[in-house]
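Residue-level structure breakdown
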Amino acid sequence: MDYNKQIDKKWQDFWKKEGLFKVDTKGCSKDKYYCLVMFPYPSSELHVGHARNYVIGDAVVRYKMMQGLEVLSPMGWDAFGLPAENQAIKRKIHPREWTLKNIDRIKQQLDSWGIGYDWDREVTTCLPDYYKWTQWIFLQLYKAGLAYKKEAYVNWCSSCKTVLANEQVIDGVCERCSTQVDQKKLNQWFFKITDYADRLLKDLDFLSEWPDRVKSMQQNWIGKSWGVEINFSVQGYGEKIECFTTRVDTIFGATFLALNWEHPILDKILEDVSNKEEIKIFIEKLRNQPPCARLLDSSDKEGIFTGKYALNSMTGKKIPIWVANYILTGYGTGAIMCVPSHDLRDYEFAKKYDLPIIEVIKRPKTEDRRQRTENGEEIDDEDQKRNQSSEFCHRTSDKEFEVYEGEGVLVNSGEFNGLSSEEAKNRIVEYMENKGIGKKAVNYKLRDWLISRQRYWGAPIPIVYCLTCGEVAVPLEDLPVTLPQEVEFLSTGQSPLTYVQDFIKTKCPKCGKEAKRETDTMDTFVDSSWYYLRYLSPKEENIPFDKEEIIKWQPVDQYIGGVEHAILHLMYSRFIYKFLIDIDSVKTEFPEPFKRLFTQGMIVKDGAKMSKSKGNVVAPDYIIEKYGADTMRLYILFMGPPQKDAEWQDEGVSGCWRFIQRCLRLVDMFKEYKEGDTADSFNECEKAVVRKMHSTIREVTADLEGNFQFNTAISRIMELVNQTYKSLSEGELRKEIFKQALETVFLLLAPFTPHISEEVNKVFGNDKSIFSQAWPRFDEKHLHQEEVEVAVLVNGKVRDKMKINVKWAKEDIEQKALALAKVLKVTANRTPKKIIYIEKKIVNIVI
RNA sequence: GCGGACGUGGUGGAAUUGGCAGACACGCAGGACUUAGAAUCCUGUCUCGAAAGAGGUGAGAGUUCAACUCUCUCCGUCCGCACCA
């Protein structure tokens, strides 16, 4: 059989004509399977790295179809965003035009690879029929008090002239243009995702089928920690300074307080300070420091004494209040109690400015640790000490003092002396709560989601500003707030919408007077946080999504995409989903949108991520031109475990091509095949093929049911093909068996190489699509083997192998093993201490 | 620093979860068929050794009849977070 490009095209057209991937979400009666592949940002053409994503998704979709499920496989476009706007500025193309042109091109690519989608459900986030509902979601959040505006210091990229979210700042530079990021105070819209922090954390428990890596990244990002909030009263003022600490057991060692430059109390306490100007200059310096000026070196720690003191409420001693550059803004209260004896950072600071250091925690005694070792063996004291220091201790260069950051036993802590850290924490909180000087508290690293963008190419925020009524939400019936087509891109730092008079000018929905529209647009992560719901009813004009459909089709059974979305996209989607559940817009048993998540690895070339600038991009189109779609698909799946990064090797592609040719040659042989004389029962060659066939079905199915181990699945199919060749050359096969073997090969290959599988399916006289056939089943009885080979080991070392009949008694097998010449040579007539027989595997003789 | 993943031939990678390490491919070498090449087919290919044999899964120890797999220590690579009090 000849493979040619017409075959690809022919079957792609066939699937389209037959509507193979069309799903009637309402009407279908089969069990549902919602397979979702992360939709692409339509920038330029897709390369093989992107292809991996879609090929994996397609293989899953086709496999599940053959399993008899109703498989929903939609596709769409994450079409708003910065690159389109950058292109517009650079090349004077309208973002919309550029985006839609790219969509056409990518769609054509996906088609030519034979990726199957229900295109009737296509969703494009930059079109009004979609972003109308993104705005709707904004308004729901607004109504619930979860969308709010606040003035805040934000990351400002002077090159892109825009505000960046923290997560778009990589190592202190803009993720897109690598310009140094500055700080700027602006009025911004936020979503209050922090209200959901605890649920986002707790509900990770529902996600047993997500990779641990992703879950731990999310956990980390939420960053929940338990501790105590302590009030320190400022001497001479009625004011208090709140500090959060996770180590209240070290309170007796707190010898100073440190504030960040933004702390509100500074204005008050600095009033009558003599060196006020000096301090202000220092604060100003910190304010202008971009977040990238991360202090990696301890010597970078800087601070200034405010001249004021607070009281350590436990010791009653007065402790100085400092302003320091190492106190984070936006986490905790902006003030901390500093314990230089048990916190390395505080120690470095105290050392530099000569502040007192009081040890209050002793490392637990070695006896305690010794008890913890399993077998009670003594452990060398020196070793212990070394281990401990590597864990918790930071020896200072002058060796005067070791900062011990671990837990231990309290000293110099008044009535709490002798308690363990753990006990002390409880007792001290209790004491503080009674006295009203502190209380248990929880802190999160997670911050509210900044969604404002001073950009044109995004969904307009549906808010109007009226001189009389103030901030007014656009009524639902007025949605969408349409993005104007005519726009000018001026580098001013303002949203281009600011200059579109027709857009800005509007009437206040409340009082009808002249009003102005909000000119910021939304972060594209808002668009992508709910698209999977829109796929279920993409054409609905009056509602964002159909509740009934959601009950039926949510959660997504399998979500597939890159790890780069492990934190933001997935966190935001989870948040929005939970919110929609809360406002009763989504009804579901399972509180998470994506039941199972698969993150595929990157394809690298010459050891590096593919990029135009490196010139190492592998274009799929040339591979398709040379070998066809199936070869590319097969290689992408065969190159390695799909969740791991893999190096692209052109030689590997030709290997897959050869395999396909080898399969097709077998089909040719079958067409010409003349059956010889057949006996009643199968001969050895036939038995071998049948056995291999069934074991292959079993293993390939297991590989796909597991963690999508396409690479091993394919290698097993290769083995079946090899076995078929071998049996053909070694003896007679009746035609029926030859046929079964071939049919099995192509059924198993169908999810990976759909075009050729369809073609061969036709050779066997089936007019219907191979994907309407059932996935093959194996029969246990064909796996059974009378005779198997076992390895014979002496003292764990393989000495010989022997064939045994599985019915033989254990003793007989052992006797036979002992009698082997190679075994006798080693045992030299010594009687074995013990013989271990593992069924059908091993005989181990211990002497 | 914290969290996670990982370390196996010249290369990509297998190993029914503690049971014959290197499946399946790539590459390479030799051979067959060809005027020749391409394609295809066959054979070989962890290391040392002529062979018998010995060694071998980053290093070292331990548990076990048996360890790539489990435990501990160390070394190294990749990813995420990072002055989170």
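Look up a bit, the structure's there.
Here is a short report on the structure shown in this document. (Residues numbered from 1 in each chain as written. Chains lettered and ligands numbered in written order. Predicted model: local features only at pLDDT ≥ 70, side-chain atom pairs only at ≥ 80, totals over all residues. Heavy atoms only, no water.)

**Overview of the pairing of strand β34 (residues 797-805)**
Filter applied, for reference: When DSSP locates at least two bridges between a pair of strands, those strands are taken to pair. The helix count covers DSSP runs of H or I at least four residues long, the strand count covers runs of E at least two residues long, and both are numbered beginning at the N terminus.
Pairing between strand β33 (residues 787-794) and β34: 8 bridges, direction antiparallel. Looking at the pairing, Glu 789 lines up with Lys 803 of β34. If you look at the hairpin formed by β33 and β34, you'll find 2 residues sitting between the two strands, and Asn 795 has a positive phi there, around 50°.

**Digging into the environment of Lys 609**
Where we set the bar: Buried, partly exposed and exposed residues are distinguished by accessible area as a fraction of the type maximum, computed with a 1.4 Å probe on protein chains only: under 20%, between the cut-offs, and over 50%, respectively. Residue contacts follow a heavy-atom distance rule, with two residues in contact if any of their heavy atoms lie within 4.5 Å.
Position of Lys 609 relative to the elements: it lies in strand β31 (residues 608-609). Exposure remark for Lys 609: the relative accessible area of 53% places this residue in the exposed category. Spatially, the C-alpha atom of Lys 609 lies 9.7 Å from that of Asp 645, the residues being 36 residues apart in sequence. Non-local contacts of Lys 609, meaning those with residues more than four positions away in its chain, are made with Met 602, Val 604, Lys 614 and Asn 616.

**Concerning the sheet that holds strand β30 (residues 603-605)**
Across the sheet, 3 strands lie side by side as β31-β30-β32; this open sheet has mixed pairing. In this open sheet, the two strands that pair with only one neighbour each are β31 and β32 (646-647). With 2 bridges joining them, β30 and β31 adopt antiparallel strand pairing. The residue of β31 that forms the bridge with Val 604 is Lys 609.

**So, the side chain of Ser 529**
To be explicit about the condition: In the analysis that follows, any N or O atom pair within 3.5 Å is treated as a polar contact, provided that within protein one partner can donate a hydrogen and the other can accept it, and provided that, for residues neighboring in sequence, both atoms belong to side chains.
Assignment of secondary structure puts Ser 529 in the loop between α15 (524-527) and α16 (531-534). Relative accessible area serves as the criterion here: at 0%, Ser 529 is assigned to the buried category. Among the polar contacts listed, one links the side chain of Ser 529 to the backbone oxygen of Val 526, at a separation of 2.7 Å. Among all residues touching Ser 529, those that are not within four sequence positions of it are Tyr 572, Ser 573 and Ile 576.

**Focus on the side chain of Asp 346**
Put simply, the test is: We count Lys and Arg on the positive side and Asp and Glu on the negative side, and we leave His and both chain ends out. Salt bridges are counted wherever a side-chain nitrogen of Lys or Arg sits within 4 Å of a carboxyl oxygen of Asp or Glu.
Its location among the elements puts Asp 346 in helix α10 (residues 344-353). Of the buried charged residues, Asp 346 lacks a salt bridge, with Arg 345 as the closest side chain of opposite charge at 5.4 Å. In this structure the side chain of Asp 346 is engaged in a polar contact, spanning 2.8 Å, whose partner is the side chain of Tyr 326. Of note is the side chain of Asp 346, whose polar atom sits 2.9 Å from the backbone nitrogen of Val 339. The residues touching Asp 346, leaving out its near neighbours within four places in the chain, are Phe 256, Tyr 326, Ile 336, Met 337, Cys 338, Val 339 and Pro 340.

**Here's the deal with the sheet that holds strand β28 (residues 558-562)**
Spelled out, the test is: To get an axis, a line is fitted to the C-alpha atoms, and for a helix only the part in contact is used. The angle between two axes follows their N-to-C directions and goes from 0 to 180 degrees.
Spatial ordering of the open sheet is given by β2-β1-β28-β29, a layout of 4 strands whose pairing is parallel. Bordering the open sheet on either side are β2 (70-72) and β29 (597-600), each of which pairs with just one other strand. Taken over all neighbouring pairs, the strand axes of this sheet differ in orientation by 20° on average, direction set aside.

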